Amino acid sequence: MSTKEKFHDQGSALVVQKHQVDSAQRHLGDLHGALEFMEGELQSNDAILDQLIAQGEALLHNAEIVIEVEGDGGLVESDLYLTVAQTEASYRQLDPLDFINPSDCGDWREYLTQVELYANRHGVRLDEDPFHKLMTATQRIELEKRIKDEFTFKGASCDKYDYMIAGTCGLIGGLVDIVFVGVAGKGLLTSFTDDMTDQAVQKFAKLCGWNGPGEGKDPAASAIGFLERNFGVNYDHRHGGDVDRIFDMSTKNHHIKSLGHSPDLIGLFFSILDQFNNTAHFVDNGRIVVVETEGFELRGSSFVSKLFAGFVNWLGHLFSDVSGSSGAAGRGSGIPIPFYSLLQFLNVGEFGQHRQTFAKIAVQVFEQGYDLRHGIAMAIPVLVTELLTRISWVAKRRFYHDAPWGDCVPSANNPELRRMLLVAHGSLCLVDTADAALRSGGNMIQFMLRANLIAWVRFGTLGLKEIKAWYWQGQIDADAVDLYLEAEYRRMLAA
């Protein structure tokens, strides 16, 4: 049975229950009316009886008739009678109340059968929308208004100040990107994120049992070496010689060519797959290459324990590679940005004087420092743009539009804020692209080294949301409904 049919059956049951409640209320009203009628009749009879008694006493007094009561209570004057006109009693018979007793039904299907029989007896139509009958006209109007205001896709109604503020926030983010991020591996923010990554690697190594560097040794290199020894994997081939020259690979690009080194769900999947099957999956020229490995076995006595061991190996090995290898000179080759490895499947186009495909360009860009550390640096201008736009929207809504603080929550579901974020991140991408294009001199590799991929991904997601909202304007927003229902469930559970 589909969800729609289940809701219709439940709604039909509610309609019949509502009909039973309404019938019971009408029956109670009829009973109340009958009781009031009986009370009126009793009062009228009491008045007539009092009047007859008074008249009888008056007649007896005028006729000077004395009624003596003997010991047995009988009347002496047995021939004295008082005739009263008989009145025909008037009453209204109430029909019995029809209802469904749930205790007489064995299961839900039997109850639904009784519901249908009841509906047929009383002419209740169940082929229409049952929930339409469960609400009054006022309730339907209020519900439709609330759905329109809270649970539908709405178009943005931004004014010129909104666009000016958003453009300015994007420009600030673009300037931060140009001045502090710059080319991969050389910007100030990249140096900052490199240091932060080294510290994160050392903290992770301490959690895993690392006792710190030896005397005179570099702490980061010592921590990386510890992790390399304790989280070894079978797919960590360093160059083409390790794979029998099946394809070209070097120490600078083996992290991007090996799918197990990708810090995302794709990397996790191929890492677990390779560790279980003693294989290694690589990408070369837009195709997947599988290499057989030997001498590796996951720890654990069951499938679940081995699965956990594979996950731990994958995570620990990523930490050992995120800052480069322990013996790397200089910055070293880190791991790719999440899902960046998929660019190798775009084996199309001809760029540069060597007519290289986009897949090869992506690999060469990674070789020159476009790794996860640089990705974190690129995320900082995006975060600056995001925060500035949201704070500006809150300030304008609170102090310019005099909205209460409760209506100033910077939720992305707000159409005006969504449009402002799109304009802001679009401005950031415009500034970033213009800078990359001017400084690259037409060189595709240099252009990508200066381009902020994180900013473009954020702009793309906002663009898709805006297109979706424009296309579905006025329609139900399922995500908003889900969020509301989840909040209601939590409130009910907490009560």
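## A short note on the environment of leucine 273
Then, in step 1: Here leucine 273 shows up in helix 9 (residues 265–277).
Then, in step 2: You can call leucine 273 partly exposed: its relative accessible area is 26%.
Then, in step 3: Spatially, the C-alpha atom of leucine 273 lies 8.9 Å from that of glycine 260, the residues being 13 residues apart in sequence.
Then, in step 4: Discounting chain neighbours no more than four positions away, the residues touching leucine 273 are Thr279 and His281.

## A look at the layout of surface pockets
A water-sized probe rolled over the atoms picks out the places where empty space is left.
Then, in step 1: Taken as a whole, the largest pocket holds about 740 Å³ of empty space.
Then, in step 2: Together, 26 residues line the largest pocket, and Ser411, Ala412, Asn413, Asn414 and Pro415 are the ones closest to its centre.
Then, in step 3: Of all the secondary-structure elements, those providing two or more residues to the lining of the largest pocket are helix 12 (372–400), helix 13 (415–440), helix 15 (453–471) and helix 16 (478–494).
Then, in step 4: The dominant element in the lining of the largest pocket, judged by the number of residues it contributes, is helix 16, at 4 residues.
Then, in step 5: Of the pockets and cavities examined, the second largest pocket occupies roughly 630 Å³.
Then, in step 6: At the level of secondary structure, the elements contributing two or more residues to the lining of the second largest pocket comprise helix 3 (130–133), helix 4 (137–150) and helix 16.
Then, in step 7: The greatest single-element share of the lining of the second largest pocket, amounting to 5 residues, is contributed by helix 4.
Then, in step 8: In terms of residue class, the lining of the second largest pocket is built from 11 nonpolar, 1 polar and 4 charged.

## A short note on the pattern of salt bridges
Then, in step 1: With the rule as written, the count across this model stands at 21 salt bridges.
Then, in step 2: Between arginine 373 and aspartate 194 there is a salt bridge, with its nearest N and O atoms 3.9 Å apart. Here aspartate 194 lies in helix 6 (residues 188–207) and arginine 373 lies in helix 12, a separation of 179 residues in the sequence. Take arginine 373 and aspartate 194: they sit in the same class, and that class is buried.
Then, in step 3: In this structure, arginine 458 and glutamate 386 form a salt bridge, with 2.8 Å as the shortest nitrogen-oxygen distance. Of the two residues, arginine 458 is situated in helix 15 and glutamate 386 in helix 12; the sequence distance between them amounts to 72 residues.

## Observations concerning unusual backbone geometry
Then, in step 1: With a phi angle near 55°, asparagine 285 is a residue other than glycine that sits in the positive phi range.
Then, in step 2: Assignment of secondary structure puts asparagine 285 in the loop between strand 1 (279–284) and strand 2 (287–292).
Then, in step 3: The class of asparagine 285 is partly exposed, set by a relative accessible area of 39%.
Then, in step 4: Of note in the backbone geometry, aspartate 402 takes a positive phi value of approximately 55° without being a glycine.
Then, in step 5: Along the polypeptide, aspartate 402 turns up in the loop between helix 12 and helix 13.
Then, in step 6: Among the residues examined, aspartate 402 registers a relative accessible area of 60% and is labelled exposed.

## Structural notes on the packing of helix 13 against helix 15
How two helices sit against one another is set out by the angle between their axes and by the gap between those axes.
Then, in step 1: Contact pair helix 13 / helix 15: the axes reach a minimum separation of 9 Å and the direction vectors enclose 145°. The two elements helix 13 and helix 15 meet at a crossing, and its hand is left-handed. Across from Arg418, Arg419, Leu421, Leu422, His425, Gly426, Leu428, Cys429, Asp432 and Thr433 in helix 13, the residues of helix 15 making contact are Ala455, Trp456, Arg458, Phe459, Leu462, Gly463, Lys465, Glu466 and Ala469.
Then, in step 2: Tallied by class, the residues present in the contact of helix 13 with helix 15 amount to 9 nonpolar, 4 polar and 6 charged.

## A closer look at a nonpolar patch on the surface
Then, in step 1: Taken together, the side chains of Ile288, Val290, Phe339, Leu342 and Phe345 define a hydrophobic patch exposed on the protein surface, amounting to about 410 Å² of accessible area.
Then, in step 2: Relative to the elements of secondary structure, phenylalanine 339 occurs in the loop between helix 10 (303–321) and helix 11 (358–367).
Then, in step 3: A residue is classified by how much of its surface remains accessible, and phenylalanine 339, at 44% relative accessible area, is partly exposed.

## A closer look at the packing of aromatic side chains
Then, in step 1: Evaluation of the coordinates by the stated rule reveals 14 aromatic pairs.
Then, in step 2: An angle of 40° between the planes, with centres 6.2 Å apart, marks the rings of phenylalanine 204 and phenylalanine 231 as tilted. With phenylalanine 204 in helix 6 and phenylalanine 231 in the loop between helix 7 (219–230) and helix 8 (254–257), this pair connects stretches of sequence that are 27 residues apart. Each member of the pair, phenylalanine 204 as well as phenylalanine 231, is classed as buried.
Then, in step 3: A centroid spacing of 6.3 Å and a plane angle of 65° characterise the contact between phenylalanine 351 and phenylalanine 358, whose relative ring orientation is edge-to-face.

Calculation rules
Residues numbered from 1 in each chain as written. Predicted model: local features only at pLDDT ≥ 70, side-chain atom pairs only at ≥ 80, totals over all residues. Heavy atoms only, no water. Helix = DSSP H or I, 4+ residues; strand = E, 2+ residues; numbered from the N terminus. Buried < 20%, exposed > 50% of the residue type's maximum accessible area, 1.4 Å probe, protein only. Contact = heavy atoms within 4.5 Å. 1 Å grid on protein atoms, 1.4 Å probe; cavity = no way out; pocket = protein on both sides within 12 Å on 5 of 7 lines; lining within 4 Å. Points joined across faces, edges and corners; volume = space filled by probe spheres on them. Nonpolar A, V, L, I, M, F, W, Y, C, P; charged D, E, K, R; others polar. Salt bridge = Lys/Arg side-chain N within 4 Å of Asp/Glu carboxyl O. Axes fitted to C-alpha atoms, helices over the stretch in contact; angles between N-to-C directions. Left-handed = near helix turned anticlockwise from the far one by under 90°. Patch = residues over 30% accessible without salt bridge, like charges linked within 9 Å, V, L, I, M, F, W, Y side chains within 5 Å. Areas by Shrake-Rupley, 256 points an atom, 1.4 Å probe, with all protein chains shown as cover. Phe/Tyr/Trp six-rings, centres within 6.5 Å; stacked < 30°, edge-to-face > 60°.

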